[in-house]
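Chain residues, written in single-letter form:
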Amino acid sequence: MKTLHVHIGTPKTGTTSIQNFCVDNEKLLEKQGYCYPLFPYSYKSVAKVRNGHFLFGMITDENGTRDKEKEAANYKGGMQKLHELFRTYDNIILSDEDIWRHMDQTKKTLMAELKEEADKSGFALHIIVYLRRQDKFMSSLWNQQIKQGTLTQYTFDEYYAQVNREVRLDYYGKLEHLSSIVGKENITVRRFESNRFEGGNIYADFLSAIGLTLTGEYNIKQDILNTGLYGNTHEIKRLLNVFPEMKERSVRVFFIESLRKCAPSSEKNYPCDMYSQEEIAQMLDYYGDDNRKVAKEYLHEPGAELFDNTIKDLPKWEKDNPYLLDDIVRFVGASSISLFQENQELKKEIAELKKFAEHARHPFRTLLRRIKRIFVH
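Fair warning: this is a prediction, and the values are worked out from it, not measured in the lab. For every chain, the first residue of the written sequence is number 1, and numbering continues from 1 along that sequence. It should be noted that, the model being predicted, local features are given only for residues of pLDDT at least 70 and side-chain atom pairs only at 80 or more, the latter also being counted only at that level, while totals for whole chains, interfaces and linings use all residues. Excluding hydrogens and water, the side-chain figures rest on all heavy atoms present in the structure.

Draft legend 1. Looking closely at a negative patch on the surface. A surface patch of negative charge is lined by Asp 61, Glu 62, Asp 67 and Glu 69. Put simply, DSSP marks the helices as runs of H or I at least four residues long and the strands as runs of E at least two long, and each gets a number from the N terminus on. Relative to the helices and strands, Asp 61 resides in the loop between strand 2 (34-35) and helix 3 (68-85). Patch definition: residues with relative accessible area over 30% and no salt bridge; like charges joined within 9 Å; nonpolar side chains (Val, Leu, Ile, Met, Phe, Trp, Tyr) joined within 5 Å. Where accessible areas are quoted, they stem from the Shrake-Rupley method and a 1.4 Å probe; at the residue level, only the protein chains shown are allowed to cover. Salt bridge criterion: a side-chain nitrogen from Lys or Arg within 4 Å of a carboxyl oxygen from Asp or Glu. Two residue types count as positive, namely Lys and Arg, and two as negative, namely Asp and Glu; His and chain ends fall outside the count. Where a charge lies is defined by one atom per residue type, namely NZ (Lys), CZ (Arg), CG (Asp) and CD (Glu).

In structure tokens:
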């Protein structure tokens, strides 16, 4: 039966790596009857590899006004493309990490619309979701948003206080709502824990979720992407986010790369967590029963824990820690070295251009000098 596989996230579970892997192995997937299509639609700050974004993606003008007609046209056009592709392929894969949130927030009708389309058109709908332990997910998500500049001033505690936890963290409740629409048998749940990946890595795990096996033919160009900031480096970036220039990607990338150079030292000198051990224990207890229900009902592991609930012996990050000043000095040094190296490269290029310009300005003089050297020597 024709099947539409929809990988809905969650964020911070290797989704970008999976998407790039599918694009990098497009031809091999197609040989096996699977298609990972790319669409011509553009969404602000959304990479093309997120091919499922047309299902819910918002389009706004420079004033922030939504163009709902354009959004609807993209959805309709995308679905028409899927129908065309099903004439050639038995399996189509769509992926976007933000479906997990938006299906219960900005487009609550999404799954019902997909199920209706599947029933009407005669293809199966298969949902794939990766779950990460709630405390690790939240700290990683905040870290990512600080890195990208999405959040300008929120500390982690401020962010966690205002986040919609029902939409983000209520795994069992969201899965139950999803299963009431598409059927529990059509949902595949996977743990985002490296030692639990089927086949030993996330690529093999994802392929197994859609009915394939990782072999040596597949091209793995990169490891998990979107490495975060550690120790005090996230705090430095959070403070830098107040500058309007941080909205420019080139500026943002420059500072992120400088901070990444400092992150290993910062993490080594000040290993810490954004939660205290007591806060983690409380969170694991709060979600514990529902997490075990997920393991029982969606992973068919009665009595098992959904996640490894080990709590590391780490202190909660504090701004007045004694290592912040050292990390600031390292950051200034790393960014200054980058600027110095770039300046040296520019000087070298300018010197070469001047030399070329001089030769171009006096081509006959240069030729005569070379002839003179030949006869003199």
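Next comes the rest of the account.
Draft legend 2. Main features of helix 10 (residues 202-209). A 1.4 Å probe rolled over the protein chains alone gives each residue an accessible area, and that area as a share of the maximum for its type sets the label: buried under 20%, exposed over 50%, partly exposed in between. Extensive coverage of helix 10 is indicated by the burial of seven of its eight residues. All of the buried residues along helix 10 are Ile 202, Tyr 203, Ala 204, Asp 205, Phe 206, Leu 207 and Ala 209. Contact between two residues is taken to exist if any of their heavy atoms lie within 4.5 Å; hydrogens are not considered. Looking at the buried side of helix 10, the elements it contacts are strand 1 (3-7), helix 1 (15-24), helix 2 (26-31), strand 3 (91-95), strand 4 (124-131) and strand 5 (187-191). With a side-chain oxygen positioned 3.0 Å from the backbone nitrogen of Tyr 203, the residue opening helix 10 is Asn 201. One or two steps after helix 10, the chain reaches Gly 211, where phi turns positive at roughly 95°. Any pair of N or O atoms that falls within 3.5 Å is considered a polar contact. Within protein, one atom must be able to donate a hydrogen and the other to accept it, and sequence-neighbouring residues count only if both atoms are side-chain atoms.

Draft legend 3. Here's a closer look at the packing of aromatic side chains. Two rings from Phe, Tyr or Trp (for Trp, the six-membered ring) form a pair when their centres are within 6.5 Å of each other. A pair whose planes differ by under 30 degrees is stacked, one over 60 is edge-to-face, and the rest are tilted. Scanning the entire structure with this criterion turns up 18 aromatic pairs. Relative to Tyr 275, the ring of Phe 156 lies with its centre 4.9 Å away and its plane at 85°, an arrangement referred to as edge-to-face. With Phe 156 in helix 7 (residues 156-162) and Tyr 275 in the loop between helix 12 (249-269) and helix 13 (277-298), this residue pair connects regions lying 119 residues apart in the sequence. The pair Phe 156 / Tyr 275 is uniform in exposure class, with both members buried. Here Tyr 160 and Tyr 275 contribute two aromatic rings whose centre-to-centre distance is 5.6 Å and whose plane-to-plane angle is 85°, an arrangement assigned as edge-to-face. Linking Tyr 160 in helix 7 with Tyr 275 in the loop between helix 12 and helix 13, this pair joins segments that are 115 residues apart in sequence. Counting every residue linked through ring pairs, the aromatic cluster contains Phe 39, Tyr 41, Phe 54 and Tyr 75. By definition, being over a ring means that NZ of Lys or CZ of Arg is both within 6 Å of the ring centre and within 35 degrees of the ring normal. Between the NZ or CZ atom of Arg 165 and the centre of the ring of Tyr 160, over which it lies, the distance is 4.0 Å. A cation over a ring is seen here: Lys 174 above Trp 100, with NZ or CZ 4.6 Å from the ring centre.

Draft legend 4. Seen up close, a nonpolar patch on the surface. Taken together, the side chains of Leu 325, Ile 328, Val 329 and Val 332 present a nonpolar region at the surface, about 360 Å² in accessible area. Checked against the element boundaries, Val 332 lands in helix 14 (residues 324-361).

Draft legend 5. Spatial organisation of helix 1. In terms of burial, helix 1 is a largely internal element, eight of the ten residues being buried. Elements that come into contact with the buried residues of helix 1 comprise strand 1, helix 2, strand 3, strand 4 and helix 10.

Draft legend 6. Main features of the pairing of strand 4. With seven of its eight residues buried, strand 4 lies for the most part within the structure. Should DSSP find at least two bridges between two strands, the strands are regarded as paired. Pairing of strand 1 with strand 4, which is carried by five bridges, proceeds in the parallel orientation. Bridge pairing in strand 4 places Val 6 opposite Ile 127. With five bridges connecting them, strand 4 and strand 5 associate as parallel partners. Pairing of Ile 128 across the sheet is with Thr 188, part of strand 5.

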